[in-house]
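Summary of the model geometry
Spelled out from the first residue to the last, the chains are:
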Amino acid sequence: MEMRLILILLLFPIMIQAQNTLDGSQFLELNQKASLTQPENNFSKKNFSWFEELEFRTETHDFLLVEQEYTFRLTPSSRGKNKARSSIQDHFLNKPTFEWLDYQCKIVENAHNNWMDLYFIKKELNYYIELNELLKNREVLLNKKKSSLEFTTKDLIDFRIEQTKILSKTEALSQQIKLALSENEITGYQLDFSQFISIENIVLEIMQDNRFPTLTDQELEYDHALKEKELLLENEENRQIIDFVQIRFNGPNSNPLKERMSVGIGFSLPNSGNKVLKIQELKLKQQEIKIEKEIKKRIIEKEVNSARKKILFSINSYNDLKKILQEEELYLNELLNKIILNQDQDPEIIIDTRSHLIENKISLINVEKDIFQLFLQYLQDSGKLCSAPIKFYFRD
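A brief look at the structure comes next. None of these values were measured; they are calculated from a predicted model. (Residues numbered from 1 in each chain as written. Predicted model: local features only at pLDDT ≥ 70, side-chain atom pairs only at ≥ 80, totals over all residues. Heavy atoms only, no water.)

The helix and strand inventory of the protein chain stands at nine helices and six strands. For the protein chain, the share of sequence-separated contacts (at least 6 apart) that also reach a separation of at least 24 residues comes to 81%. Total accessible area on the protein chain stands at roughly 26,400 Å², and carbon and sulfur atoms take up 55% of it. (Helix = DSSP H or I, 4+ residues; strand = E, 2+ residues; numbered from the N terminus. Contact = heavy atoms within 4.5 Å. Areas by Shrake-Rupley, 256 points an atom, 1.4 Å probe, with all protein chains shown as cover.)

Pasting the structure below:
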């Protein structure tokens, strides 16, 4: 029993640490959970009547109430019109909440952007921590050098300037991470970037020539479908021949030859001026939406192709620069190995060389980050970023 308790106590910190680890996909989930919930649609479906209007009128002549006239008029509907109206109603009830979808898309976009920033800030911070360790070694050498004739005040000034530069940058990067974690309400987690997407997988992703509908595409598709249903309703109204049915009761009067009750019916001719104009207007709006869809499609295709080319160009530039720096690093490391074997050499050369190699890696970060920013823009332009099901793309 005691042995089991000891094992639990020993493994407890490891278990806690594992529970507090946060990767990119979990980071996105936390951002989505913290967002607003989708508003509910409280509208209920209504049934349409078999008549359009029901009128009752009454009038009198010379204020003779005994000769009061009564008119009852009915404007009928049709099965086709009610079916078209029901289709439009369903279209309204099933309308996506585009504002909420846009809000959710921004949540996903911000999560990708924030995770990318955290990755590169953390990467740069680690390099500055390494520089700070080398700085401590440099300080030890400087203290030893104070008693020699080679020591000058300039050595102290140069060291102090470099120390301030490294410490201030380290502190600034640490504060950026704290601020980002606080803004995203993820304090207390250990960030896990071990599965952060590689440049090779970015190339594989952008070479998949597939495009998903953007929010603008969905809105245009919704409007186009609505105009189609409205056009169907107008055509049904145009087909209706009977305009109204009317019954009139004249009431008692002194003229026995005057009819006391009459029945009337009104007919509507198809393809009348106003009806044709309304139909043509809807057809024109449909055509405008169709043209707008095609224009936006071509613009997006151009933007996606441009983003793809920019990414590939940036990757080539990054690889060329990385190759140059790696060749230099290989050459300098070979020299350092020779210097280390020769203990008579000045150790300050080793510190300067290692500092230079770390600074090279820091300079490479901005070039690398440009690739990921272009990749994020590509995901937005292609519609992939916010297409269901939501996927975290900054992960291998």
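It is possible for side chains bearing opposite charge to pair when their charged atoms get close. Throughout the structure, instances matching the rule amount to 21 salt bridges. Between Glu 162 and Arg 138 there is a salt bridge; the shortest N-O distance is 3.5 Å. Taken as a pair, Glu 162 in helix α5 (residues 153-183) and Arg 138 in helix α4 (residues 98-145) lie far apart in primary sequence, 24 residues in all. The exposure class assigned to Arg 138 is buried, which follows from its relative accessible area of 11%. The salt bridge involving Glu 294 is made with Arg 298; its shortest N-O contact spans 3.2 Å. (Salt bridge = Lys/Arg side-chain N within 4 Å of Asp/Glu carboxyl O. Buried < 20%, exposed > 50% of the residue type's maximum accessible area, 1.4 Å probe, protein only.)

The next thing to look at is the state of the cysteines. In the structure shown here, the tally under the stated rule is one disulfide. Between the sulfur atoms of Cys 105 and its disulfide partner Cys 386 the distance amounts to 1.9 Å. Looking along the S-S bond of the Cys 105-Cys 386 disulfide, the torsion reads about 80°, which is the right-handed sense. Separated by 281 residues along the polypeptide, Cys 105 in helix α4 and Cys 386 in the segment after α9 (347-382) bring together distant segments of the chain. Residue classification places Cys 386 among the partly exposed residues on the basis of a relative accessible area of 29%. (Disulfide = S-S within 2.5 Å.)

Let's shift gears to the packing of α4 against helix α7 (residues 215-239). Orientation of α4 relative to α7, taken along the N-to-C sense of each, is 170°, at an axis distance of 11 Å. Here α4 lies roughly antiparallel to α7, going by the angle between them. Of the residues in α7, those in contact with Phe 98, Leu 101 and Asp 102 of α4 are Leu 215, Gln 218, Glu 219 and Tyr 222. (Axes fitted to C-alpha atoms, helices over the stretch in contact; angles between N-to-C directions. Parallel < 35°, antiparallel > 145°, perpendicular 65-115°, else oblique.)

Together, Glu 99, Glu 219, Asp 223, Glu 288 and Glu 292 make up a negatively charged patch on the protein surface. Those elements that place two or more of their residues in the negative patch are α7 and α8 (273-341). By the secondary structure assignment, Glu 292 is in helix α8. (Patch = residues over 30% accessible without salt bridge, like charges linked within 9 Å, V, L, I, M, F, W, Y side chains within 5 Å. Lys, Arg positive; Asp, Glu negative; His and termini not counted. Charge placed at Lys NZ, Arg CZ, Asp CG, Glu CD.)

Turning next to the side chain of Asn 360. Secondary-structure assignment places Asn 360 in helix α9. Taking relative accessible area as the criterion, Asn 360 reaches 12% and is therefore assigned buried. If we skip the residues at most four places from it in the chain, Asn 360 touches Leu 325 and Glu 328.

Of the residues making up helix α2 (residues 24-33), those classed as buried are Gly 24, Ser 25, Phe 27, Leu 28 and Asn 31. What you see down the axis of α2 is that its buried residues fit within an arc of 160°, all on one side. Structurally, the start of α2 carries an N-cap: the backbone nitrogen of Ser 25 is 3.4 Å from a side-chain oxygen of Asp 23. (Arc of directions from axis to C-beta. Polar contact = N/O pair within 3.5 Å; in protein donor to acceptor, adjacent residues only side chain to side chain.)

Glancing now at a nonpolar patch on the surface. A surface patch of nonpolar side chains, about 730 Å² in accessible area, is lined by Leu 54, Phe 56, Tyr 70, Phe 72, Ile 247, Met 261 and Val 263. Structurally, Leu 54 is set in strand β2 (residues 51-59).

What follows deals with the nonpolar core. Trp 115, Leu 118, Phe 372, Phe 375 and Phe 394 are the most contacted members of the largest nonpolar core, which totals 54 residues. Where this core is concerned, the elements lending two or more residues are α2, α4, α5, α6 (199-206), α8 and α9. For this core, the element with the highest residue contribution is α4, accounting for 15 residues. Discounting chain neighbours no more than four positions away, the residues touching Phe 375 are Ile 197, Ile 202, Glu 205, Ile 206, Ile 311, Tyr 393 and Phe 394. (Core = buried A, V, L, I, M, F, W, Y, C linked by side-chain atoms within 4.5 Å.)

Moving on: the sheet that holds β2. As summarised here, the arrangement of the four strands in space is β2-β3-β5-β6, forming an open sheet in which the pairing is antiparallel. Single-partner strands in this sheet number two, and they are β2 and β6 (261-267). Going across the sheet, the axis of each strand differs from the next one's by a mean of 15°, ignoring polarity. By the bridge criterion, seven bridges tie strand β5 (residues 242-249) to β6 in an arrangement that is antiparallel. Its bridge partner being in β6, Gln 246 is matched across the sheet by Gly 264. (Pairing = 2+ DSSP bridges.)

On to α5, then. Along its 31 residues, α5 runs 45 Å from first to last C-alpha, staying within 8% of the 45 Å computed at 1.5 Å per residue. Taken together, the buried positions of α5 are occupied by Phe 159, Gln 163, Ile 166, Thr 170, Leu 173, Ile 177, Ala 180 and Leu 181. As for α5, its buried residues are in contact with α4 and β4 (190-191). (Expected span 1.5 Å × (residues − 1).)

Turning to the environment of Leu 93, a few remarks are in order. Structurally, Leu 93 is set in helix α3 (residues 79-93). Among the residues examined, Leu 93 registers a relative accessible area of 23% and is labelled partly exposed. Linking Leu 93 and Phe 43, residues 50 residues apart in sequence, is a C-alpha distance of 7.1 Å. In contact with Leu 93, not counting residues within four places along its chain, are Asn 41, Phe 43 and Lys 45.

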